[in-house]
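Chain by chain, the residues run as shown.
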Amino acid sequence: MHNVVISGTGLYTPPNSISNEELVASFNAYVQAFNAENAAAIERGEIEALAESSVGFIEKASGIKSRFVVDKDGILDPTRMVPRIPERSNDEWGILCEMSVVAAKEALQRAGKSPTDIDGVIVACSNLQRAYPAVAIEVQAALGIQGFGYDMNVACSSATFGIQAATNAVKTGQARAILMVNPEICTGHLNFRDRDSHFIFGDAATAVVIERADQATSKHQFDVVGTKLLTQFSNNIRNNFGFLNRAAEEGIGARDKLFVQEGRKVFKDVCPMVAELIAAHLGENQLNVGDVKRFWLHQANLNMNLLIARKLLGRDAEPEEAPVILDTYANTSSAGSVIAFHKHQDDLPSGALGVLSSFGAGYSIGSVILRKR
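Residues numbered from 1 in each chain as written. Predicted model: local features only at pLDDT ≥ 70, side-chain atom pairs only at ≥ 80, totals over all residues. Heavy atoms only, no water.

Q: Hey, could you run me through the sheet that holds strand β4 (residues 120-124) in this one?
A: Think of a sheet as strands paired side by side through backbone hydrogen bonds, with each pair either parallel or antiparallel. One open sheet accounts for nine strands, arranged β5-β4-β6-β7-β1-β8-β13-β12-β11; its pairing is mixed. Each edge of the open sheet carries a strand with a single partner, namely β5 (148-152) and β11 (292-297). The average angle at which neighbouring strand axes cross in this sheet is 25°, direction not considered. By the bridge criterion, four bridges tie β4 to strand β6 (residues 177-185) in an arrangement that is parallel. Within the sheet, the bridge partner assigned to V123 lies in β6 and is V181. Each of β1 (4-12), β6 and β7 (203-212) is contacted by helix α5 (residues 95-111), which is oriented at about 130° to β1, the strand it contacts most. Across the sheet, helix α8 (residues 263-284) touches β8 (222-231), β11, β12 (353-360) and β13 (364-372), and the angle it forms with β13 is around 40°. (Pairing = 2+ DSSP bridges. Helix = DSSP H or I, 4+ residues; strand = E, 2+ residues; numbered from the N terminus. Axes fitted to C-alpha atoms, helices over the stretch in contact; angles between N-to-C directions. Contact = heavy atoms within 4.5 Å.)

Q: Looking at this model, I keep getting lost on the UniProt feature "domain: Beta-ketoacyl-[acyl-carrier-protein] synthase III N-terminal" (unreviewed entry) in the protein chain. Mind explaining?
A: UniProt records the feature "domain: Beta-ketoacyl-[acyl-carrier-protein] synthase III N-terminal" (unreviewed entry) for residues 150-217 in the present numbering. Helix and strand shares over residues 150-217 are 21% and 32% respectively, and the end C-alpha atoms of the span are 26 Å apart. (UniProt positions renumbered as here; feature names shortened; annotations may be inferred.)

Q: Is there a simple way to think about the packing of aromatic side chains in this case?
A: The geometry of an aromatic ring pair is captured by the separation of the ring centres together with the interplanar angle, meaning the angle of the planes. If you walk through the whole model with that rule in mind, you get nine aromatic pairs. Between F57 and F199, the ring centres sit 5.8 Å apart and the planes meet at 90°, which makes this aromatic pair edge-to-face. Pair noted here: F57 is in helix α3 (residues 55-62) and F199 is in the loop between β6 and β7, with a separation of 142 residues, a long-range link. Since its relative accessible area comes to 4%, F199 is described here as buried. Aromatic pair F222 and F341: ring centres 5.1 Å apart, planes at 70°, arrangement edge-to-face. Taken together, the residues F222 in strand β8 and F341 in helix α11 (residues 335-343) connect sequence positions 119 residues apart. (Phe/Tyr/Trp six-rings, centres within 6.5 Å; stacked < 30°, edge-to-face > 60°. Buried < 20%, exposed > 50% of the residue type's maximum accessible area, 1.4 Å probe, protein only.)

Q: Teacher, can you tell me more about unusual backbone geometry here?
A: Glycine aside, a negative phi is what most residues show, and trans is what most peptide bonds show. With an omega dihedral of -5°, the bond running from Y132 to P133 counts as a cis peptide bond. Along the chain, P133 falls in the loop between β4 and α6 (135-143). With an omega of -5°, the peptide bond running from G362 to Y363 counts as cis. Along the polypeptide, Y363 turns up in the loop between β12 and β13. One non-glycine residue, A155, adopts positive backbone phi at about 55°. Tracing the sequence through the fold places A155 in the loop between β5 and α7 (158-171).

Rendered as structure tokens:
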């Protein structure tokens, strides 16, 4: 059994950013047009008038101020409100592969590794653009990596589940090093015409190199002290889009074929579960919550993160203890906690303890305890 480290992380940030002000202007233009077009039916009580959104509502509900997206014009067009991402030929690298490669190259560079040092690729994300061939195998080919690749999906917890799978493969000697990548185009499954959720998601891709400690040379090493996962079935976050939709015409285009959630129920259910899992995980490794210098939490909602940190620490966390990136990136699903880790790790001293944690649909929760080398 080998000791395992995370030796490099990488990030792809799309070139386009949408502010809350821009998003609200587009949404409200749609609402005004809808209400005007249906004025008579609204007056008769046959249709309910749509309510406008506001910057204040978004920031109070989520802490999000802007988000990066792969396409801006399509989202902000009130007559479309869907990203415009043209199909590519089968001879071109797909967009998820393209994003993954950018993040992967930075992770490899920080790890001091080349593609020949990697034995496997895991693409772990909430939404895959096709059923097969696996995006991971495409990324493997684009980078020139020998070995194996496979895709996995545990919604917003895909990255932590992917880290555990990679850690186990390296620990048992199945691979010297694994590249774990999280390409997320969350705007593709977001209903930009739903006031309660039109602001939630952004796009990004992250990558992590997991390798044997005795072969690592990076200046950015973190020992993987332990991983712990938990799932509990819930319909409170759901997306029913899938290959069987074509077999049930009555469901095509229905609201549940995009992201839907019961936000208040999720908040109430998930926050205590996450705090309890992290505390139990630390205890199992003879560590105290007070020993943790940094919590890289899933970046979905600022209020959730503040509450989870408060439950763990018994006080409000200092900004550096639980760094926030969702104000500018929004919720990037599985990539969020890794973005926080990528951007807020280099200042930690040797020996510092941190916890990378995810939580989301499933419910699915992951905890990864890391110690800076």
